[in-house]
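# A look at the structure
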Amino acid sequence: MSVTFAFKHEMEASVKKRRSNVVLALDLPLQKRGELLSKTISILDDVHPFVCAVKLGYHSVLTLGPFDHLQKVLTLADDYELPTIMDCKLNDVGHVNKAMADLFFKVGFKAVTANPFIGWEEGLQPVFEVAHRNGRGVLILVHMSHEGAAEGYGRLIWDQEAKKAVPQYVIFARKALSWKADGAVVGATFPKRIKEMRDILGDEVPIYSPGVGAQGGRAEEAVRAGARYLIVGRAITLAKEPAEAAKALKSSIARQFSALT
Ligand code: XMP
């Protein structure tokens, strides 16, 4: 099987071109299709110079219609040369995950998110195969950003090889590395854990960090801890001036990266 990691390269090319590490979570709290489409397009038009990629969730995709209005959003993102990520958090048995990933790639997304709790064989292996055969990406949830995330991702479990208890997220980071994931998602609300993850993942698997702003995480702190991309939604989309908010975030993150080099 020929394998390509094109998505990872596409993301870095986008960062280089725009000098932004902000992934825009373009999910708006609107339920009317027409209204959602026009507002989504308007925000993308405004903020595209300040972000490096766009992420969408189920509620946006279902409201817009995957082969209907959503196509207009994905085409616009393509026109702006912004990679698009479907935040579907795949979490089923292998053949179903593969069908979902196939569908999201056919719809036009360049990467999907997936939950490592389901494991490799008959779990995520088929997703990685279909993604990497087609130059698409898989981002693994290593530690989510919300308060309750620690209940599952932070649980101590017995590591048979090391003969000691380690947190679940450490095991997931090791899996992200061995599965050759295109990214690991670690909440900006857990900066110490980002640092731990970066020590495991190095530069091999970039860290995507959601939870900035509305959830209380700080972008600069996440960058200092080792995040490569910041996934940001409401702090931009619900701002009075989304373009100004995105621009300010982009600059502040860029300053933090410069300070680290
Ligand atoms: P806000 O508005 O909080 O939106 O900036 C964040 C976006 O990121 C998603 N999100 C996550 N996605 N793992 C993920 O894969 C996470 O831990 C996580 N936390 C938030 C969320 O769906 C929203 O669109």
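The preceding data block contains the structure.
The paragraphs below set out a description of the structure included in this document. Source: prediction; values computed, not measured. (Residues numbered from 1 in each chain as written. Predicted model: local features only at pLDDT ≥ 70, side-chain atom pairs only at ≥ 80, totals over all residues. Heavy atoms only, no water.)

Attention now moves to the side chain of Thr84. For Thr84, the position within the fold is in strand S3 (residues 84-90). On the basis of relative accessible area, Thr84 is assigned to the buried category, the value being 3%. For Thr84, the residues in contact, after removing those within four places along its chain, are Val54, Leu74, Ala77, Gly108, Phe109, Lys110 and Ala111. (Helix = DSSP H or I, 4+ residues; strand = E, 2+ residues; numbered from the N terminus. Buried < 20%, exposed > 50% of the residue type's maximum accessible area, 1.4 Å probe, protein only. Contact = heavy atoms within 4.5 Å.)

The tally for this structure, following the rule as stated, stands at 0 disulfides. Free of any disulfide, Cys52 has its nearest cysteine sulfur in Cys88, 19 Å distant. For Cys88, a relative accessible area of 4% puts it in the buried group. (Disulfide = S-S within 2.5 Å.)

The subject of this paragraph is the nonpolar core. Core analysis: the biggest nonpolar cluster contains 87 residues, and Ile140, Val142 and Tyr208 have the highest contact counts within it. If one sorts the elements of this core by residue count, helix H3 (residues 58-79) sits on top with 7 residues. Once residues lying within four places of it in the same chain are set aside, the contact partners of Ile140 are Ala114, Pro116, Leu124, Phe128, Ala176, Trp179, Ala181, Gly183, Ala184 and Val185. (Core = buried A, V, L, I, M, F, W, Y, C linked by side-chain atoms within 4.5 Å.)

Moving on, we get to the site of the ligand. Near the ligand you find 16 residues, and of these Lys55, Met144, Ser145, Gly233 and Arg234 are the closest. One of the side-chain nitrogen or oxygen atoms of Asp27 is found 3.2 Å away from an oxygen atom of the ligand. Taking Asp87, its side chain carries an N or O atom lying 3.1 Å from a nitrogen atom of the ligand. For the ligand, the protein covers 87% of the area, taking 510 Å² as the surface of the free molecule. Those elements that provide at least two residues to the shell around the ligand are S3 and strand S10 (229-232). Across the shell around the ligand, the residue classes break down as 8 nonpolar, 3 polar and 5 charged. (Near = heavy atom within 4 Å. Polar contact = N/O pair within 3.5 Å; in protein donor to acceptor, adjacent residues only side chain to side chain. Areas by Shrake-Rupley, 256 points an atom, 1.4 Å probe, with all protein chains shown as cover. Nonpolar A, V, L, I, M, F, W, Y, C, P; charged D, E, K, R; others polar.)

Burial runs high along S3: 6 of the 7 residues are buried. This β-α-β element, strand S2 (residues 53-56) to H3 to S3, shows right-handed connectivity. Pairing geometry for S3 and strand S4 (residues 111-114), over 3 bridges, is parallel. In the sheet register, Ile85 faces S4, and the bridge partner there is Ala111. Read as a crossover between parallel neighbours, the route from S3 over helix H4 (residues 94-107) to S4 is right-handed. (Right-handed = clockwise from strand over helix to strand, strands pointing away. Pairing = 2+ DSSP bridges.)

Another aspect to go through is unusual backbone geometry. Non-glycine residue Glu81 carries a positive phi angle of around 60 degrees. Checked against the element boundaries, Glu81 lands in the loop between H3 and S3. When its relative accessible area of 53% is taken as the criterion, Glu81 is described as exposed. The residue Glu122 is not glycine, and still its phi comes out positive at about 55 degrees. Along the chain, the position of Glu122 falls in helix H5 (residues 120-133).

Every α-helix carries 3.6 residues per turn, so stepping three or four residues along brings you back to the same face. Every buried residue belonging to helix H8 (residues 191-201) is among Pro191, Ile194, Met197 and Leu201, and all of these are buried. Taken end-on, H8 shows its buried residues confined to a sector of 105 degrees, consistent with a single buried face. The exposed residues of H8 that point more than 90 degrees off its buried face are Lys192 and Asp199. Buried residues along H8 sit against strand S5 (137-143), helix H7 (168-178), strand S8 (183-186), strand S9 (207-210) and helix H9 (219-225). The first or second residue beyond H8 is Gly202, which carries a positive phi of 55 degrees. (Arc of directions from axis to C-beta.)

Checked against the element boundaries, Ser20 lands in the loop between helix H1 (6-18) and strand S1 (22-25). Beyond its immediate sequence surroundings of up to four residues, Ser20 is in contact with Val15, Phe50, Val51, Cys52 and Lys250. A polar side-chain atom of Ser20 sits 2.6 Å from the main-chain carbonyl oxygen of Phe50.

Read these as spatial facts, not as claims about activity.
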